[in-house]
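Listed below, chain by chain, are the residues.
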Amino acid sequence: MDHYDSQQTNDYMQPEEDWDRDLLLDPAWEKQQRKTFTAWCNSHLRKAGTQIENIEEDFRDGLKLMLLLEVISGERLAKPERGKMRVHKISNVNKALDFIASKGVKLVSIGAEEIVDGNVKMTLGMIWTIILRFAIQDISVEETSAKEGLLLWCQRKTAPYKNVNIQNFHISWKDGLGFCALIHRHRPELIDYGKLRKDDPLTNLNTAFDVAEKYLDIPKMLDAEDIVGTARPDEKAIMTYVSSFYHAFSGAQKAETAANRICKVLAVNQENEQLMEDYEKLASDLLEWIRRTIPWLENRAPENTMQAMQQKLEDFRDYRRLHKPPKVQEKCQLEINFNTLQTKLRLSNRPAFMPSEGRMVSDINNAWGCLEQAEKGYEEWLLNEIRRLERLDHLAEKFRQKASIHEAWTDGKEAMLRQKDYETATLSEIKALLKKHEAFESDLAAHQDRVEQIAAIAQELNELDYYDSPSVNARCQKICDQWDNLGALTQKRREALERTEKLLETIDQLYLEYAKRAAPFNNWMEGAMEDLQDTFIVHTIEEIQGLTTAHEQFKATLPDADKERQAILGIHNEVTKIVQTYHVNMAGTNPYTTITPQEINGKWDHVRQLVPRRDQALTEEHARQQHNERLRKQFGAQANVIGPWIQTKMEEIGRISIEMHGTLEDQLSHLRQYEKSIVNYKPKIDQLECDHQLIQEALIFDNKHTNYTMEHIRVGWEQLLTTIARTINEVENQILTRDAKGISQEQMNEFRASFNHFDRKKTGIMDTDDFRACLISMGYNMGEAEFARIMSIVDPNRLGVVTFQAFIDFMSRETADTDTADQVMASFKILAGDKNYITVDELRRELPPDQAEYCIARMAPYNGPDGVPGALDYMSFSTALYGESDL
């Protein structure tokens, strides 16, 4: 193997260095490689009369491996070792590996020990290396070799077939159509390709494999299920299988080529002679056509209309489209035939062909060059003429369009600019007209470009000698004159609008100033009229004095108010003057206020009339308030005497009722004297009532000269009369109680002293706590129930207080109960005799009938001792007569 082959092999084998000891094959790929590599090896081993069954076992001793290499290489290897020991096997495998390495194949990670040990990965890797070197490396297609060459060969052969797109050596072959296409391309009689379906890969694969095995001597290296059942078939298995197709078909092609070579030599001479005759005729016809065509292309007669020029252009296009292409094809075919003829003559070692004079290829090319030069010049002239005419037509149409648009835009604009609508417009309307005019001016300025464009187009049409230039110039002049007139009218209307706006703004400012000053002045006059006509209500001399002062201050502001009125009227007069001077047509009244000068003058006159009326009313009210003040002072002087006098008498009566000076008769006498003096004070009360009547009639509701009202005096007077009467009655009741109970004066004094002591508030009554404390101090030891019973006696109305009279009644009753108990005991002993109870009969016998029945009726709920019915012991007897609360 030379250096190039060695280098190429090393370069291609470089990617196969992935066969290391740790490589893990996909189980499906391993199965496919076992089957494919085994079939490939057997296809060569059977030439030596042997085969293998198990690829990793049958190559372990190295003998069949060396035999395989001898068959595929055609060379003899070193004599193998015939021993059965491991060392002999390793020696044989090493000889095989050394032979492979001597062919320029670099073995990576593949050692004899792994092959002898039956390492399936290393064995498959070694067989793949052999396949690459001896079955694939030598494949060469269009300067590509090995894998790329094989892939390119497959692509070239299957290119015409539908649904076949070979891009790799795995999934591109999965549907089976690639294998079928290769067979059909070389042996179309073996497969009906039109009946194959892409969606039936099993049928396609089985058909290809069966046909290849039966007719092409290509062993079946894979099962269809192995390929369809995997997502990505093993690339090495597919490459091995496809390389068998390549070698099978390439041998047949070489035999066919040799058979056809002889026939081809015989046909060459006949073809050459026919080519010479064809060349002479084609050259003569083509040169004649060129000589006729060039004068037509050199004709430069101009046309005046676009239609005529377009007809010439159409004729030229027909020439290009219909007449010239066949001649181009003839010229091309002439050159091809000439070159083909010369090549065939040279290849067959015949002398070169020499055409007749003037019909050389160079002569034809020169004539063709003149034709194309004339054609180019004619085309340029046609296009320039057409562009010129198109430019004129385009400019004329553009002029008409722009002129029409401009004239349509200017229609009515002069009448609009001459309007005098601003003479009757308000300020807001004037401002709107100004904005509208500004918009028109912007629009006018925008149309300036169009006018300039129209003039420029007209100028260009004149320069290009447009046939209708006079009408274009007349229309352009009219447009320019109208444009100048529009500019002058626009300026004039702007000046009029701005002048009117300035006048109306002045009037508007005066109107606004008038409104700003008239509104508060009008409000002031309306407030003044309301105040001057307001019915005032005062109750004191100070209030009327305050109103009078305020009125005087108001009158002091009238001169300034009159000046403001005159100033407001002056603003209105200035507006009137401007309107009359500049003949402004006012569309309406002041937009800022509805207050007119007539209203201001009318209200001002009314205010001046109301001022003296107000003066008179304030004077009369001032006199009335002075009279009321005298009444207040008169009532206050008397009330300030009577009120303290009533209070003093009340206090004195209270002291008399609780003091212990003298007997009860002395206290009663003293109290009757107080009662008489009080009754004698009644005329002063009556006089005060008369004064109060006058105050009420005068509608006087307050009096700063006294804190006493008539109601206070009445209540105090009535309380005084009630208190003196109640106090006299209490003293009289105390006298009756004292006499009825036999209470001495000393006891009464003790009762009074105890009551006064525990009357901590000195009000003549004790509350519940004070009364409890008083009873405890007097030796009563009682619970809540007993105290409640006592309170029900002294406070039957449950007011929570104890009066001195109730206290005396309770104390006198407690004193009397002790004597009653002794009397009851004596009576019981008389009636009962020696017994400790009495019966009903004894009561009826000893007591009067009515008293006996009374006692019997009260005895009914009680039983005597020992369960004797209708009999009572002492406690039951006393309870029946007096009750539990009485004893």
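Predicted model, so just to flag it, every value in this text is computed and none were measured.

### Things to note about the overall build of the protein
- Regarding its fold elements, the protein presents 29 helices and six strands.
- Burial statistics for the protein: of 887 residues in total, 40% are counted as buried.
- Long-range pairs, those at least 24 residues apart, make up 72% of the contacts in the protein between residues at least 6 apart in sequence.
- A total accessible area of about 49600 Å² is found for the protein, and carbon and sulfur atoms account for 51% of it.

### Digging into the pattern of salt bridges
- Scanning the model with the defined rule gives 52 salt bridges in all.
- With a shortest N-O distance of 3.0 Å, Glu57 and Arg60 are connected by a salt bridge.
- A relative accessible area of 40% means that Glu57 is categorised as partly exposed.
- Taking the relative accessible area as the measure of exposure, Arg60 reaches 26% and is therefore partly exposed.
- Between Arg321 and Asp318 there is a salt bridge whose closest N-O contact spans 2.4 Å. Here Arg321 pairs with Asp318, and both are found in helix H13 (residues 306-347), just three residues apart, close to one helical turn.
- Residue classification places Arg321 among the partly exposed positions, given a relative accessible area of 48%.

### Digging into the environment of Gln625
- Position of Gln625 among the secondary structure elements: in helix H19 (residues 597-658).
- Between the alpha carbons of Gln625 and Ile700 there is a distance of 9.6 Å; along the sequence they are 75 residues apart.
- In this view, Gln625 contacts Val538, His539, Thr540, Ile541, Ile544 and Arg632; residues no more than four positions away in its chain are not counted.

### Considering the packing of helix H2 (residues 27-45) against helix H7 (residues 120-136)
- The interhelical angle for the contact between H2 and H7, taken along N-to-C directions, is 50°, at an axis separation of 10 Å. Looking at the two axes, H2 sits oblique to H7. Between H2 and H7 the crossing geometry is left-handed. Between H2 and H7, the contacting residues are Glu30, Gln33, Arg34, Phe37, Trp40 and Cys41 on the first element and Val120, Leu124, Ile127, Trp128, Ile130, Ile131 and Ala135 on the second.
- In the contact of H2 with H7, the residues fall into ten nonpolar, one polar and two charged.

### A few points about the packing of aromatic side chains
- Enumeration over the complete set of coordinates arrives at 30 aromatic pairs.
- Ring centres 6.4 Å apart and planes at 5° place the aromatic pair Phe169 and Trp173 in the stacked group.
- On the basis of relative accessibility, which here comes to 1%, the residue Phe169 falls in the buried class.
- Members of the aromatic cluster, each reached through a chain of ring pairs, are Phe169, Trp173, Phe179, Phe209, Tyr241, Phe245 and Phe249.

### So, helix H10 (residues 201-215)
- Taking 1.5 Å per residue, 15 residues should reach 21 Å; H10 reaches 21 Å between its end C-alpha atoms and fits that length.
- Asp217 occupies a position one or two residues after H10 and carries a positive phi of about 60°.

### Thoughts on the side chain of Asn168
- Of note, Asn168 is situated in the loop between helix H8 (146-158) and helix H9 (177-186).
- What makes Asn168 buried here is its relative accessible area of 15%.
- Engagement of the side chain of Asn168 in a polar contact is seen with the backbone nitrogen of Ile171, the distance being 3.3 Å.
- Residues within four places of Asn168 in sequence aside, it is in contact with Leu151 and Trp173.

### A closer look at unusual backbone geometry
- Despite not being glycine, Asn163 has its phi angle at roughly 65°, a positive value.
- With respect to the element layout, Asn163 can be found in the loop between H8 and H9.
- For Asn163, a relative accessible area of 42% translates into the label partly exposed.
- Even without being glycine, Asp217 reaches a positive phi, approximately 60°.
- With respect to the helices, strands and loops of the structure, Asp217 is situated in the loop between H10 and helix H11 (224-228).
- The exposure class of Asp217 is exposed, given its relative accessible area of 58%.

### What to know about the confidence of the model for the protein
- Averaged over the protein, the pLDDT score is 81; the fraction of residues at 70 or greater is 87%.
- Low pLDDT, under 50, characterises residues 1-24; the stretch is placed with 46 contacts to residues that sit more than four places away or in other chains.
- Contacts for the low-pLDDT stretch residues 882-887, under 50 throughout, to residues beyond four places or in other chains number twelve contacts.

### Some details on the nonpolar core
- Of all hydrophobic cores here, the largest spans 79 residues; its most connected members are Ile130, Phe179, Ile183 and Phe245.
- For this core, the element with the most residues is H7, which contributes twelve residues.
- Residues in contact with Phe245, not counting those within four places in the same chain, are Trp153, Phe179, Leu182, Ile183, Ala212, Leu216 and Ile218.

### Describing the packing of helix H5 (residues 86-102) against H7
- At a closest axis distance of 11 Å, the pairing of H5 and H7 adopts a crossing angle of 35°. Seen from above, H5 lies across H7 with left-handed handedness. Residue-level contacts link Leu97, Phe99 and Ile100 of H5 to Met126, Thr129, Ile130 and Phe134 of H7.
- Of the residues contributing to the contact of H5 with H7, the split by class is six nonpolar, one polar and no charged.

### Looking at the side chain of Ser73
- Looking at the secondary structure, you find Ser73 in helix H4 (residues 63-73).
- Within polar-contact distance, the side chain of Ser73 engages the backbone nitrogen of Glu75 at 3.3 Å.

### A closer look at H9
- Summarising burial for H9: seven of the ten residues are buried, a large majority.
- For H9, the set of buried residues is Leu177, Gly178, Phe179, Cys180, Ala181, Leu182 and Ile183.

Definitions and cut-offs
- Residues numbered from 1 in each chain as written.
- Predicted model: local features only at pLDDT ≥ 70, side-chain atom pairs only at ≥ 80, totals over all residues.
- Heavy atoms only, no water.
- Helix = DSSP H or I, 4+ residues; strand = E, 2+ residues; numbered from the N terminus.
- Buried < 20%, exposed > 50% of the residue type's maximum accessible area, 1.4 Å probe, protein only.
- Contact = heavy atoms within 4.5 Å.
- Areas by Shrake-Rupley, 256 points an atom, 1.4 Å probe, with all protein chains shown as cover.
- Salt bridge = Lys/Arg side-chain N within 4 Å of Asp/Glu carboxyl O.
- Axes fitted to C-alpha atoms, helices over the stretch in contact; angles between N-to-C directions.
- Parallel < 35°, antiparallel > 145°, perpendicular 65-115°, else oblique.
- Left-handed = near helix turned anticlockwise from the far one by under 90°.
- Nonpolar A, V, L, I, M, F, W, Y, C, P; charged D, E, K, R; others polar.
- Phe/Tyr/Trp six-rings, centres within 6.5 Å; stacked < 30°, edge-to-face > 60°.
- Expected span 1.5 Å × (residues − 1).
- Polar contact = N/O pair within 3.5 Å; in protein donor to acceptor, adjacent residues only side chain to side chain.
- pLDDT = per-residue confidence, 0-100.
- Core = buried A, V, L, I, M, F, W, Y, C linked by side-chain atoms within 4.5 Å.

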